[in-house]
Amino acid sequence: MDTLIHGAMAPGFLGLLLGQIVDRLVEEGGPAAERAGIQAPLRAFSFISLLARADLTVTEIAPRLGVTHAGVIKTEKLLEKLGYVERGQDPDDARRKPLRLTAAGREEADRIAAYMERASAVYRDLFDEIGVDLFAAARAFEARLDERGFDARMG
């Protein structure tokens, strides 16, 4: 099969490859999540896990997850329909409307935490198999981009 992800230009298509890997992990992670009794979409796991730690506003969630304000609202609406998230009220600031997990959302967060523990073990095994801690490498890659961005490197 002729793909763009080969030869001398292959590194230039890193984003394409990473996107394909993420899509595959989401697709292949679905059945295991269903077996674990999880109903939330895999792409909402980080959102739920974050709210399991603290009630946060949309504006506070977006930078923590590296998504847009609109993306947070979209996920919020989906999780509200599932009965996992609700808007709260900050007693100290009437303008602040933090999102919080419902009782059902907390139960889902517990299932997700157990799933993520198992997923982390699977990833560690894969990292051992390939001889690279891909998570650590990605964090190091991101840190270098923070120091000097892609556009600056392109000149």
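Note that the coordinates shown come from a computational prediction; the quantities given were computed from them, not determined experimentally. (Residues numbered from 1 in each chain as written. Predicted model: local features only at pLDDT ≥ 70, side-chain atom pairs only at ≥ 80, totals over all residues. Heavy atoms only, no water.)

**Digging into a nonpolar patch on the surface**
Heads up, the condition is: The patches reported here contain residues having more than 30% relative accessible area and no salt bridge. Joining distances are 9 Å for like charges and 5 Å for nonpolar side chains (Val, Leu, Ile, Met, Phe, Trp, Tyr). Accessibility throughout is a Shrake-Rupley quantity obtained with a 1.4 Å probe, and a residue counts as covered only by protein chains that appear here. Here a salt bridge means any side-chain nitrogen of Lys or Arg lying within 4 Å of a carboxyl oxygen belonging to Asp or Glu. Per the convention used, a helix needs a DSSP run of H or I reaching at least four residues, while a strand needs a run of E reaching at least two, with both numbered from the N terminus. Relative accessibility under 20% of the residue-type maximum defines a buried residue, over 50% an exposed one, and the middle range a partly exposed one, all with a 1.4 Å probe and only protein chains included.
Together, Leu14, Leu17, Leu18, Ile21, Leu25, Val122, Tyr123, Leu126, Phe141, Leu145, Phe150 and Met154 give the surface a local cluster of nonpolar side chains, amounting to about 1000 Å² of exposed area. When contributions to the nonpolar patch are tallied by element, the ones reaching two or more residues are helix 1 (14–35), helix 5 (103–130), helix 6 (134–147) and helix 7 (150–154). For the nonpolar patch, the leading source of residues is helix 1, giving five residues. Structurally, phenylalanine 150 can be placed in helix 7. Its relative accessible area of 57% is what places phenylalanine 150 among the exposed residues.

**A few points about helix 2 (residues 45–53)**
Defined as follows: Only heavy atoms enter the contact rule, under which two residues are in contact if any of them lie within 4.5 Å.
Listed in full, the buried residues belonging to helix 2 are Phe45, Phe47, Ile48, Leu50 and Leu51. Close packing links the buried residues of helix 2 with helix 1, helix 3 (58–65), helix 4 (69–81), strand 1 (85–87), strand 2 (99–101) and helix 5.

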